[in-house]
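Residue-level listing of the chains:
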Amino acid sequence: MEELEQVKNQIKEFVKVCNHQKSLELLDKLATGKMLRSKLILKIAGVSEESVKLCAIVEMIHAASLLHDDVIDEADTRRGKPSVNALYDNKTSIMFGDILYSRAFTELSQMDKRIAYTISNAVTLLSIGEMMDVDLTESFNTSYDLYLDMIYKKTASLIEASAKAAAILAGLDENKYALYGKNLGLAFQMVDDILDITQDSATLGKPAMLDFVEGKVTIPYLFLYERVEDKTKLASLYKKELSAEESTWIKEQMKITKALEDSILQAKEIGNEAISAVIDEKDSQTLVMIMKAMIEREF
């Protein structure tokens, strides 16, 4: 998509303003993902100088949060490429994240006040979500509400803000698009959590069932804990390198209790609510297709 190239060029221009060669070198080392937030903004607001700037700002914020995330998770790869903290060190990764954040906020301060508030407020939520995610790995979380609040803040809040800000920019109904963005983010995270269990390591590009080992009690495990007879056994496997037998037991229990099936249904319900929010808006077919592709896939 040539529009996404425009966004990448805009990010480069924003970083060039720093007049700092190392920042440009580090920018080249960042692995760009699907740019979901930019696609969403451009679909809702169309392509203009302002919408491309908004995309660049949001992508820089997202990239900054991932740079910090990789340090927290001690990750040495990001989207199959060596992460900045692996190539350089943690300090460089954190400081470059700060440069991207502050440049993004400087540019954001020049935009419409409501857009600036919407995006900056989401960054606060995102940061709280990151902290909640870390705190929730301390012990076995059995609260679905806590999980939902954490994935809303950590993943969905910036997607929600991107859709809402794009609607403000285009003079559309911001509440409908905010709901779409929020639910897209929630469904996206739930689907990711479900795939951790249903897909094999080769497809995932990381070990399967890694979430539970790393201390993440995601939606299928929450439903399983509510329903499984041997709760003590399930709790005893938390944060443990699972043997083949233990992995099989978890998967079997997920089937018996319908924990996995109902997790998929929950993600679909959230997705369908988002579709209902925008279905009557003009040019919403692409948004409907994005959501359907996510929730109607093979698990």
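This is a predicted model, so every value here is computed, not measured. (Residues numbered from 1 in each chain as written. Predicted model: local features only at pLDDT ≥ 70, side-chain atom pairs only at ≥ 80, totals over all residues. Heavy atoms only, no water.)

**Concerning helix α3 (residues 36-45)**
Point 1. Of all 10 residues that make up α3, 7 are buried, and the element is covered over most of its length.
Point 2. Where α3 is concerned, the buried positions are Leu-36, Arg-37, Ser-38, Leu-40, Ile-41, Leu-42 and Ile-44.
Point 3. Buried residues along α3 sit against α1 (2-16), α4 (49-72), α8 (144-170), α9 (174-198) and α16 (285-295). (Buried < 20%, exposed > 50% of the residue type's maximum accessible area, 1.4 Å probe, protein only. Helix = DSSP H or I, 4+ residues; strand = E, 2+ residues; numbered from the N terminus. Contact = heavy atoms within 4.5 Å.)

**Considering the pattern of salt bridges**
Point 1. As enumerated under the stated definition, the model contains 14 salt bridges in all.
Point 2. Here Glu-13 makes a salt bridge to Lys-16, at a shortest N to O gap of 3.5 Å. Pair noted here: Glu-13 and Lys-16 are both in helix α1, with a separation of 3 residues, about one helical turn.
Point 3. Between Lys-154 and Asp-133 there is a salt bridge whose closest N-O contact spans 2.8 Å. Of the two residues, Lys-154 is situated in helix α8 and Asp-133 in helix α7 (residues 113-136); the sequence distance between them amounts to 21 residues. Taken as a pair, Lys-154 and Asp-133 share a single burial class, namely buried. (Salt bridge = Lys/Arg side-chain N within 4 Å of Asp/Glu carboxyl O.)

**Re unusual backbone geometry**
Point 1. The backbone phi angle of Asn-19 is positive, close to 55 degrees, even though this residue is not glycine.
Point 2. In this fold, Asn-19 is placed in the loop between α1 and α2 (21-29).
Point 3. Positive phi outside glycine occurs at Lys-239, with the angle close to 60 degrees.
Point 4. Residue position: Lys-239 is located in the loop between α13 (231-236) and α14 (244-256).

**With respect to the packing of α2 against helix α6 (residues 90-108)**
Point 1. One can describe the packing of α2 onto α6 by two numbers: an axis separation of 11 Å at closest approach and a directional angle of 100 degrees. Classified by the interaxial angle, the pair formed by α2 and α6 is roughly perpendicular. The residues of α6 that touch α2, namely those facing Lys-22, Ser-23, Leu-26 and Leu-27, are Thr-92, Phe-96 and Ile-99. (Axes fitted to C-alpha atoms, helices over the stretch in contact; angles between N-to-C directions. Parallel < 35°, antiparallel > 145°, perpendicular 65-115°, else oblique.)

**What to know about the environment of Ala-116**
Point 1. When you line up the elements, Ala-116 lands in helix α7.
Point 2. According to the relative accessible area criterion, Ala-116 is buried, its value standing at 15%.
Point 3. Ala-116 sits 97 residues away from Val-213 along the chain, and the two C-alpha atoms are 39 Å apart.

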